[in-house]
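As a plain string of letters, each chain reads:
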Amino acid sequence: MAQPNNINTLYSELNRFGQKEEYDKAIKTANKILHISPHEFEAFSCKIVSHILCDRFVDALALINKDKHHGGNLKFEKAYCEYRLNRTEQALATLRSVTNHTTRSKELLGQVLYRLEEYEECYNLYRDLIKNSQDDFDGERETNLAAVIASLQLWGVKDVDDPGLEENTYEVCYNNACYHIGREDFATAMAKLKSAEEMLRADSDMTEEELDEELAIIRVQRGYILQMQSKHDEASHLYNQVLKIKPSDLGLVAVVSNNVVTVNKDQNIFDSKKKMKAASADTVKHKTVSAQRKNIRYNQCLLHMYSNQADQCHNLAKQIATEFPKDSNSPQLICVAQFARDKKLDKAISLLKELSKSSPGMLMKTQLILAQLYLSQGNVSLACDALKNLGERAHAAGIVSMLVNLYLSQEDTDSASAVLISAVNWYKKNQPNSEIALLLTKINAEFQLKYGKAEEAVKMLEDMYKANPGDPLVVAQLISSYAKINSSKVKQIGKDLPPVREIIKGVDVDALESSFSTLGPKYMKKQQQAQPSKGETSPKSPVTDSKEGTGDNLTLKKKQRKKKKGKLPKNCTPGVGIDPERWLPRKERSDFRAKRKDKRNKDKDIGKGTQGLTAATQAIADSLDASKSSSQQSPRAGSSSTTSPQATPVPTQVGPRQQKPAQAASKKKKKGGKGNRW
């Protein structure tokens with residue numbers, strides 16, 4: 001049996017090692033005590049705590065699970081080890097088995113619930129802790145409560161009112177900024193982030209590196225706000241500034257890298273691939289929430305699509321649908337986009353049809369995408385059918401306008417008319433007093449009048465007439481419509497038209513006439529100048545001379561424009577006729593002279609022609625040559641050798657291009673120079 005004095009000495013030694021934070025020695029001392037007395041709970045508890053303080057969570061958890069006597073009494077330590085080992089579900093189960101919770105077990109339960117994204121239960125737990133406890137950790141509890149409220153608002157779990165926590169620390173100020181980001185109040189969020197940065201810089205105990213590490217998360221949130229405000233360049237600058245310092249928080253690195261990829265979009269694919277590799281690493285799985293992980297996976301899938309990796313895109317989309325079954329429609333839409341990008345429109349259309357049947361909530365998106373795909377194929381009728389399948393939204397003003405334009409592009413006025421009539425009837429039944437109902441009725445009436453459907457136009461105009469009986473435009477349109485189908489009602493409705501004096505009341509007729517056309521002011525000015533004084537007869541003005549007709553119906557004659565004189569060619573003297581050969585090529589003109597052959601090259605023709613001809617054979621050859629004139633041929637025997645008289649030369653008129661100016665003729669050629677070129 002062990003001596004009590006020896007155990008007391010070992011406990012004193014164990015206490016001394018714990019105060020000096022010499023945990024390895026404390027573990028050895030606890031082992032000595034347990035060797036002497038295996039049932040010593042205090043020694044076993046000190047051993048487990050020493051392992052935890054040395055970050056040996058696996059060893060501590062193994063010892064707790066192995067010991068059957070004391071392990072059941074260390075549920076808090078067991079849950080803490082499981083929490084630090086990212087075994088969050090096991091930690092929650094261990095804490096749920098605790099019957100009497102202490103303050104520290106409740107705080108650990110709050111941390112576990114926050115990691116499991118059970119924000120509502122976590123919110124209630126922290127409010128209870130702050131209300132029923134008061135110690136030195138109240139500031140940390142308020143910080144955690146602010147983080148829970150921000151998460152509830154950011155991830156759309158619950159709309160929470162501003163708790164009004166005192167911003168005594170920069171952490172509370174930062175969490176309040178995240179809360180306002182969730183409410184999309186970016187101006188207030190940016191102001192609170194600025195306050196948090198100022199409070200952090202006021203702490204003089206931090207080094208420059210530690211300050212940059214703490215400021216990184218604030219800069220990332222500022223970059224996110226700028227990105228949401230479409231200030232991508234400023235946001236990218238802040239993101240790169242954070243990445244340069246290489247923060248130790250892996251979750252922060254993953255978020256920043258993902259945001260950089262979203263800024264790049266389909267540009268700078270190589271840089272986006274490197275950033276996505278850091279964002280999708282396995283080590284950041286427990287550092288991010290499920291919404292962040294889902295967005296990262298979506299962006300990774302889109303990056304495969306932009307980099308023309310179709311197989312990887314489809315495979316990853318299937319994995320996303322498995323990992324996040326509540327949001328399985330978005331991955332299928334990415335597959336549709338990939339099929340459309342690969343020009344596989346038939347597969348995209350079939351997938352969209354399946355999606356619209358399985359998910360009625362996606363009807364709006366699927367039908368609009370189907371219409372776009374049909375239009376890209378040139379199939380307008382199927383595109384119109386897809387738009388009609390939108391249900392009640394098919395009667396929206398934009399959809400109705402699109403359908404009418406598509407049918408008119410195919411010259412199908414009947415279908416366009418049916419779409420307008422259906423939309424008007426729907427608004428009469430569901431929203432009879434809305435502005436869009438009156439507007440569509442008016443547009444429908446004008447459409448029916450334009451395409452000669454007077455009966456349909458009358459129905460629409462009668463409804464408008466009942467709603468606004470004093471509208472002269474409606475009455476006028478109704479009269480023009482009845483004139484085509486029932487002339488007896490024209491006079492009856494015409495009585496409702498206001499008199500002309502009321503219609504033109506407040507209208508400046510003179511200003512209206514002067515602004516009618518560009519000829520108005522000039523005509524009025526000339527007419528005022530032509531008005532005679534009293535007692536004088538009005539002379540016949542040039543304006544009245546240029547008018548035809550009688551009474552007030554005068555029309556202006558069209559003024560005759562003077563013909564412009566044509567331009568003469570260069571060097572042409574007035575009064576002299578133009579050379580008729582001016583448009584002929586120079587070789588075909590009568591005054592053309594071929595260039596003289598160069599005498600220096602006259603010996604070049606020697607050696608050409610038939611060799612060894614005698615004088616007799618040469619004469620025979622010359623006589624057979626038709627190109628030579630008769631005067632050049634040798635006279636035959638017995639014929640008179642008469643020569644044809646020379647024709648008297650006819651003087652030809654030199655054209656203006658050949659006429660040299662007087663100055664050019666007077667100039668002398670320089671010695672050794674070349675003559676003027678033509």
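This one's a predicted model, so the numbers in the text were calculated from it and none came from an experiment.

Analysis parameters
Once a new chain begins, its residue numbering starts again from 1 and follows that chain's sequence as written. A pLDDT threshold of at least 70 governs which residues receive local features in this predicted model, and a stricter bar of 80 or more applies before side-chain atom pairs are shown or counted, although totals over entire chains, interfaces and linings include all residues. Only hydrogens and water are set aside when side-chain values are computed; all heavy atoms of the structure are taken into account. Secondary structure elements follow DSSP: runs of H or I no shorter than four residues count as helices, runs of E no shorter than two count as strands, and numbering proceeds from the N terminus. The classification of residues rests on relative accessible area computed with a 1.4 Å probe and restricted to protein chains. Under 20% of the type maximum is buried, over 50% is exposed, and intermediate values are partly exposed. Residues count as neighbours in contact if any of their non-hydrogen atoms are within 4.5 Å of one another. Computed with the Shrake-Rupley method and a 1.4 Å probe, the accessible areas treat only the protein chains shown as cover for residues. By definition here, a salt bridge exists when the distance from a side-chain nitrogen of Lys or Arg to a carboxyl oxygen of Asp or Glu is within 4 Å. To estimate the expected span of a helix, subtract one from its residue number and multiply by 1.5 Å. Of all possible arcs, the one meant is that of the directions from the helix axis to the C-beta atoms. In this description, a nonpolar core means a group of buried Ala, Val, Leu, Ile, Met, Phe, Trp, Tyr and Cys residues linked to one another through side-chain atoms lying within 4.5 Å. Within 6.5 Å between ring centres, the rings of Phe, Tyr and Trp (the latter by its six-membered ring) count as paired, and their orientation is classed by plane angle as stacked under 30 degrees, edge-to-face over 60, tilted in between. Any pair of nitrogen or oxygen atoms within 3.5 Å is treated as a polar contact; in protein, a donor-acceptor pairing is required on top of that, and neighbouring residues in sequence qualify only through side-chain atoms on both sides. Patch membership requires more than 30% relative accessible area and the absence of a salt bridge. Residues of like charge join within 9 Å; the nonpolar side chains Val, Leu, Ile, Met, Phe, Trp and Tyr join within 5 Å. Here the positive residues are Lys and Arg and the negative ones are Asp and Glu; neither His nor the chain ends is included. The atom standing in for a charge is NZ when the residue is Lys, CZ when it is Arg, CG when it is Asp and CD when it is Glu. Each residue carries a pLDDT score, the predictor's confidence in it, ranging from 0 to 100. Only the stretch in contact is used when fitting a helix axis, every axis being a line fitted to C-alpha atoms; angles between N-to-C directions are given from 0 to 180 degrees. When an angle is under 35 degrees it counts as roughly parallel; over 145 it counts as roughly antiparallel; between 65 and 115 it counts as roughly perpendicular; any other value is oblique. Throughout, a crossing is termed right-handed when the near helix is turned clockwise from the far one, and left-handed when it is turned anticlockwise from it by less than a right angle. Throughout, the ten residues Ala, Val, Leu, Ile, Met, Phe, Trp, Tyr, Cys and Pro are labelled nonpolar, Asp, Glu, Lys and Arg are labelled charged, and all others, Gly among them, are labelled polar.

Peer 1: How do you make sense of the overall build of the protein chain when you look at a structure like this?
Peer 2: If you tally the helices and strands in the protein chain, you get 33 helices and two strands. In the protein chain, buried positions account for 31% of the 678 residues. For the protein chain, contacts bridging at least 24 residues in sequence account for 46% of all contacts bridging at least 6. Counting every atom, the protein chain has about 46500 Å² of accessible surface; 51% of that belongs to carbon and sulfur.

Peer 1: How do you make sense of the pattern of salt bridges when you look at a structure like this?
Peer 2: Two side chains with opposite charge may pair up if their charged atoms get near one another. This structure, assessed with the given rule, holds 15 salt bridges. One salt bridge connects Asp-135 with Arg-141, and the closest N-O pair in it is separated by 2.6 Å. With relative accessibility at 34%, the residue Asp-135 sits in the partly exposed group. Across the pair Asp-159 and Arg-183 runs a salt bridge whose closest N-O atoms are separated by 2.9 Å. With Asp-159 in the loop between helix 9 (138-154) and helix 10 (170-182) and Arg-183 in the loop between helix 10 and helix 11 (186-201), the pair connects residues that are 24 residues apart, well separated along the chain. On the accessibility criterion, Asp-159 (56% relative accessible area) is exposed. For Arg-183, a relative accessible area of 39% translates into the label partly exposed. Within the structure, one salt-bridge network assembled from shared partners comprises Glu-107, Asp-135, Asp-138 and Arg-141.

Peer 1: Any chance you could explain helix 2 (residues 23-36) here in plain terms?
Peer 2: An α-helical turn contains 3.6 residues, so any two residues separated by three or four positions project in the same direction. With 14 residues, helix 2 should reach 20 Å at 1.5 Å per residue; the first-to-last C-alpha distance of 20 Å fits that figure. Taken together, the buried positions of helix 2 are Ala-26, Ile-27, Thr-29, Ala-30, Ile-33 and Leu-34. Take helix 2 and look down its axis: the buried residues cluster within an arc of 165 degrees, on one side only. Looking at helix 2, the residues exposed on the side facing more than 90 degrees away from the buried face are Lys-28 and His-35.

Peer 1: Help me out: how do you make sense of helix 6 (residues 88-96) in this one?
Peer 2: Listed as buried for helix 6 are Thr-88, Ala-91, Leu-92, Thr-94 and Leu-95. All buried residues of helix 6 fall inside an arc of 160 degrees around its axis, so they share one side. Elements that come into contact with the buried residues of helix 6 comprise helix 5 (75-84) and helix 7 (103-115).

Peer 1: I would appreciate a short explanation of the nonpolar core in the present structure.
Peer 2: Side chains of a nonpolar character, in soluble globular proteins, are inclined to be buried together. Grouped together as the largest cluster of nonpolar side chains are 54 residues, with contacts concentrated most on Cys-301, Leu-387, Val-400 and Leu-403. No other element matches helix 23 (residues 413-430), which puts eight residues into this core. Ignoring any residue separated from it by four or fewer positions in sequence, one finds Leu-403 in contact with Cys-384, Leu-387, Lys-388 and Val-419. In this structure, Val-112, Tyr-170, Cys-178 and Ala-189 belong to the second largest nonpolar core, which totals 41 residues.

Peer 1: Looking at this structure, I do not really get the packing of aromatic side chains. What am I missing?
Peer 2: To describe a pair of aromatic rings, one takes the distance between the centres and the angle between the planes. On inspection of all chains with the given rule, the structure shows four aromatic pairs. Taking 6.2 Å as the distance between ring centres and 65 degrees as the angle between the ring planes, the aromatic pair formed by Phe-57 and Tyr-80 counts as edge-to-face. Taken together, the positions of Phe-57 in helix 4 (residues 57-66) and Tyr-80 in helix 5 put the pair 23 residues apart, joining distant regions of the chain. A ring pair is formed by Phe-447 and Tyr-451, whose centres lie 4.7 Å apart and whose planes are at 45 degrees; its orientation type is tilted. Since its relative accessible area comes to 8%, Phe-447 is described here as buried.

Peer 1: Explain the side chain of Asn-176 here, please?
Peer 2: Within the secondary structure layout, Asn-176 lies in helix 10. A polar contact of 3.1 Å, which involves the side chain of Asn-176, links it to the side chain of Glu-167. Apart from residues no more than four positions distant in its own chain, Asn-176 is found in contact with Ala-146, Leu-165, Glu-167 and Lys-192.

Peer 1: Help me understand unusual backbone geometry, please; the structure alone is not making it clear to me.
Peer 2: Peptide bonds are mostly trans, and most non-glycine residues show a negative phi. The phi dihedral of Glu-21 is positive, around 60 degrees, even though this residue is not glycine. With respect to the helices and strands, Glu-21 occurs in the loop between helix 1 (4-19) and helix 2. Given the relative accessible area of 56%, Glu-21 is considered exposed.

Peer 1: Looking at this structure, I do not really get a negative patch on the surface. What am I missing?
Peer 2: Judged by side-chain charge, Glu-140, Glu-171, Glu-208, Glu-209, Glu-210 and Glu-214 come together as a negatively charged surface patch. Per-element tally for the negative patch: the top contributor is helix 12 (residues 208-228), with four residues. Relative to the helices and strands, Glu-210 resides in helix 12.

Peer 1: Help me understand the confidence of the model for the protein chain, please; the structure alone is not making it clear to me.
Peer 2: Regions with low pLDDT should not have their predicted coordinates read in detail. Confidence along the protein chain averages 79 in pLDDT terms, with 73% of residues attaining 70 or more. Contacts from residues 629-655, a stretch scored under 50 in pLDDT, to residues over four places away or in other chains number 13 contacts. Here residues 662-678 is a poorly scored stretch, pLDDT under 50, and it has three contacts once near neighbours within four places are set aside; other chains count.

Peer 1: Any chance you could explain the environment of Lys-75 here in plain terms?
Peer 2: For Lys-75, the position within the fold is in helix 5. Each C-alpha atom, one on Lys-75 and one on Ser-97, is 8.3 Å from the other, the two residues being 22 residues apart in sequence. Non-local contacts of Lys-75, meaning those with residues more than four positions away in its chain, are made with Thr-94, Ser-97 and Val-98. Reaching out from Lys-75, the side chain makes a polar contact with the backbone oxygen of Ser-97 at a distance of 3.2 Å.

Peer 1: What exactly am I supposed to notice about the packing of helix 17 (residues 310-323) against helix 18 (residues 329-341) here?
Peer 2: Packed helices, taken two at a time, are described by their axes: the angle between them and the distance between them. Remark: helix 17 packs on helix 18, axes separated minimally by 9 Å, with the N-to-C direction vectors making an angle of 165 degrees. Taken together, the axes of helix 17 and helix 18 lie roughly antiparallel to each other. Considering how the two elements wind past one another, helix 17 and helix 18 form a crossing that is left-handed. Contacts between helix 17 and helix 18 involve Ala-310, Cys-313, His-314, Ala-317, Ile-320 and Ala-321 on the former and, on the latter, Pro-331, Ile-334, Cys-335, Gln-338 and Phe-339. Each residue belonging to the contact of helix 17 with helix 18 can be placed in one class, and the counts come to nine nonpolar, two polar and no charged.

Peer 1: In this structure, what is going on with the side chain of Asn-444? I would like to understand it.
Peer 2: Mapping Asn-444 onto the fold places it in helix 24 (residues 435-450). Exposure remark for Asn-444: the relative accessible area of 0% places this residue in the buried category. Reaching out from Asn-444, the side chain makes a polar contact with the side chain of Gln-448 at a distance of 2.7 Å. Here Asn-444 is in contact with Leu-420, Ile-421, Val-424 and Met-460, once residues within four sequence places are set aside.

Peer 1: Explain the packing of helix 7 against helix 8 (residues 119-132) here, please?
Peer 2: Across the interface, helix 7 lies against helix 8 with an axial gap of 9 Å and an inter-helix angle of 155 degrees. For the element pair helix 7 / helix 8, the angle class is roughly antiparallel. Considering the relative orientation of helix 7 and helix 8, their crossing is left-handed. Note on element contacts: helix 8 touches helix 7 through Tyr-119, Glu-121, Cys-122, Leu-125, Tyr-126, Asp-128 and Leu-129, opposite Thr-103, Lys-106, Glu-107, Leu-109, Gly-110, Gln-111, Leu-113 and Tyr-114.

Peer 1: Help me understand a nonpolar patch on the surface in this model?
Peer 2: Taken together, the side chains of Leu-154, Trp-155 and Val-157 define a hydrophobic patch exposed on the protein surface, amounting to about 220 Å² of accessible area. Topologically, Trp-155 is positioned in the loop between helix 9 and helix 10. On the basis of relative accessibility, which here comes to 32%, the residue Trp-155 falls in the partly exposed class.

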